[in-house]
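Observations on chain architecture
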Amino acid sequence: MAQYPTLTAATREEFGKGFARRLRRAGKIPGVIYSGHTENVHFAVDRLEFTAVVRNHGSNAIVEFDIDGEKHLTMVKHIDQNVLTFDIDHVDMLAINRDERVEVEVPIVAEGEVFAGAMLIQEADTLLVEADVLSIPEELVVSVEGIEAGNVIAAGDIALPEGVTLANDPELLVFNITFEEVAEVPEEGEEGTEDAVGDAGKDEGTEEGSENDN
């Protein structure tokens, strides 16, 4: 059974902003498949179908396109989204081979709660890894359960799925567990002392003012 979805798309022979707008009004997304071995393939695909693939398979989704009867195995390279509607306006795909290994950025997700009194700070949102193109993890889940303040988790500390290797610097800081910030509370008597000094200053100012008036 295939580990990736197959979408039917049509060859796109017209270009320009006007044509792209007409495609979007018709419920299509313009896109291009980049390849270092053959000519780039320009295509149009159903917006709802492609959006569902990205939603279900993540930002590194593998998609097989059937374009005019020819199959193209691809991976998402870049997605342009409308800043107002968040609809996908254009997609760049990278042509791949089934036995290829690729470097991709995979989202990092923290799981669990740190020790009481500690605060978790995530320093990196993704990790660069190398994996078989058909075995790219959607996300890397890292347990932070019960970790006390003063500890850190670096890229090299994160357990990776079988066949996946780290491409980042192992020393890259991913999670920093620190002490919770506590608001400073004035010690008893400090506020009163400040008031006393302020009142004294007011009295001196009043006396000087009286002398000057005279």
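Keep in mind that what you see is a predicted model, and the values were worked out from it rather than measured.

**Observations concerning the sheet that holds strand 8 (residues 118–122)**
Ordered in space as 8-13-11, the three strands form an open sheet in which the pairing is antiparallel. The strands lining the two open edges of the sheet, one partner per strand, are strand 8 and strand 11 (152–154). The sheet shows a mean angle of 10 degrees between the axes of neighbouring strands, taken without regard to direction. With three bridges connecting them, strand 11 and strand 13 (residues 173–179) associate as antiparallel partners. Across the sheet, Val-152 pairs through a bridge with Asn-176, a residue of strand 13.

**Re the pattern of salt bridges**
A full pass over the atoms with the stated rule returns four salt bridges. A salt bridge links Glu-130 to Arg-101; the nearest nitrogen and oxygen atoms lie 3.1 Å apart. Taken together, the residues Glu-130 in strand 9 (residues 126–132) and Arg-101 in strand 7 (residues 101–111) connect sequence positions 29 residues apart. For Glu-130, a relative accessible area of 29% gives the class partly exposed. Residue Arg-101 pairs with Asp-132 through a salt bridge whose shortest N-O separation is 3.1 Å. Taken as a pair, Arg-101 in strand 7 and Asp-132 in strand 9 lie far apart in primary sequence, 31 residues in all. Among the ionic contacts, a cluster of salt bridges with common partners joins Arg-101, Glu-130 and Asp-132.

Criteria and cut-off values
Residues numbered from 1 in each chain as written. Predicted model: local features only at pLDDT ≥ 70, side-chain atom pairs only at ≥ 80, totals over all residues. Heavy atoms only, no water. Pairing = 2+ DSSP bridges. Helix = DSSP H or I, 4+ residues; strand = E, 2+ residues; numbered from the N terminus. Axes fitted to C-alpha atoms, helices over the stretch in contact; angles between N-to-C directions. Salt bridge = Lys/Arg side-chain N within 4 Å of Asp/Glu carboxyl O. Buried < 20%, exposed > 50% of the residue type's maximum accessible area, 1.4 Å probe, protein only.

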